[in-house]
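Chain residues, written in single-letter form:
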Amino acid sequence: MIDKTFESLERAVADIHDGATVMIGGFGNAGMPSALIDALIAQGARDLTIVNNNAGNGETGLAALLKAKRVRKIICSFPRQADSHHFDALYRAGEIELELTPQGNLAERIRAAGAGIGGFFTPTGYGTQLAEGKETRVIDGRHYVLESPIHADFALIKALRGDRWGNLVYRKTARNFGPIMAMAAKTTIAQVQQVVALGELDPEVIVTPGIFVQRVVKEAA
């Protein structure tokens, strides 16, 4: 019997190793798997490469992971905002590496990894510092830059409901990067508000099929 559910957040993240590349879903706080991040902090893995839309805000979630100095490098599109003080301090001190990528490129690089695409040409970033050292090409009279896919060892994502096969549905825009991150990681761990019986999720509304999810864990009430 296939049963991907885990009884605790701690067990779900237990094998995330030092130096791992970890994708973390969320657009700001929307869709961020904060309970899984807290479990990862307690687990102790360090020297992580984190892939996220931003670089944490406030004191919780990704910001708490940065504050604990567990992150060696972050790949994101929006590293600075009014309350991103933990990232700001680490970056100014030279204690974290930043790979900045435009938001659309970030999403497509993640999607490309999940789709098995070796790279893609995009006009976004051409002629800027973001294109330095990358292959460029003129296609139909327009300049493009080659972007590579982003693969991950683990993806931590948040969904509204999941079943024991790993099928997931999300709550509105909280899905954001979750579906593509699930496809791009070797091991996807989904934090859900509710685990439902197999068959309760309408196949027509499942967003992430269970084939892309290895672990499902219910967040604490």
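Structure shown above.
Every chain begins its residue count from 1, and numbering advances along the sequence as written. Where local features are concerned, this predicted model is filtered to residues with pLDDT of at least 70; where side-chain atom pairs are given and counted, the filter is 80 or more; whole-chain, interface and lining totals use all residues. Here the side-chain values reflect all heavy atoms present in the structure, with hydrogen atoms and water set aside.

Engineer: Would you explain the sheet that holds strand β6 (residues 120-122) in this entry?
Structural biologist: The strands making up a sheet associate through hydrogen bonds between their backbones, and the pairing can be parallel or antiparallel. The sheet built from 3 strands is open, its strands ordered β6-β8-β7 with antiparallel pairing. Of all the strands in the sheet, just β6 and β7 (136-139) have a single pairing partner and so form its edges. Taken pair by pair, the neighbouring strands of this sheet meet at an average axis angle of 40°, ignoring direction. As defined by bridge partners, β7 adjoins strand β8 (residues 142-147) across 4 bridges and the pair is classed as antiparallel. Paired with Arg-137 across the bridge in β8 is Tyr-144. Paired strands, as defined in this entry, are two strands with at least two bridges between them according to DSSP. Elements are defined by DSSP. Helices are runs of H or I of four residues or more, strands are runs of E of two residues or more, and each kind is numbered from the N terminus. Each axis is a line fitted through C-alpha atoms, and for a helix only the stretch in contact is used; angles between axes span 0 to 180 degrees, taken between their N-to-C directions.

Engineer: What should I look at first to understand the pattern of salt bridges in this one?
Structural biologist: When their charged atoms lie close together, side chains carrying opposite charge are able to pair. Note on definitions: salt bridges are taken to be side-chain nitrogens of Lys or Arg within 4 Å of carboxyl oxygens of Asp or Glu. One pass over the full model with this rule turns up 14 salt bridges. The shortest N-O distance in the salt bridge between Arg-137 and Glu-135 comes to 2.8 Å. For every residue, the accessible area (1.4 Å probe, protein chains only) is compared with the maximum for its type, and the residue is labelled buried under 20%, exposed over 50%, or partly exposed between those bounds. Owing to a relative accessible area of 41%, Arg-137 belongs among the partly exposed residues under this scheme. Overlapping salt bridges bring together Arg-72, Lys-73, Glu-97, Glu-99, Arg-109, Lys-134 and Glu-147 as one network.

Engineer: Is there a simple way to explain helix α2 (residues 34-43) in this structure?
Structural biologist: For an α-helix, the turn length of 3.6 residues means that residues three or four places apart are oriented alike. Along α2, the positions that sit buried rather than exposed are Ala-35, Leu-36, Ile-37, Ala-39, Leu-40 and Ile-41. Of the residues flanking the end of α2, it is Gly-44, one or two places downstream, whose phi is positive at about 105°.

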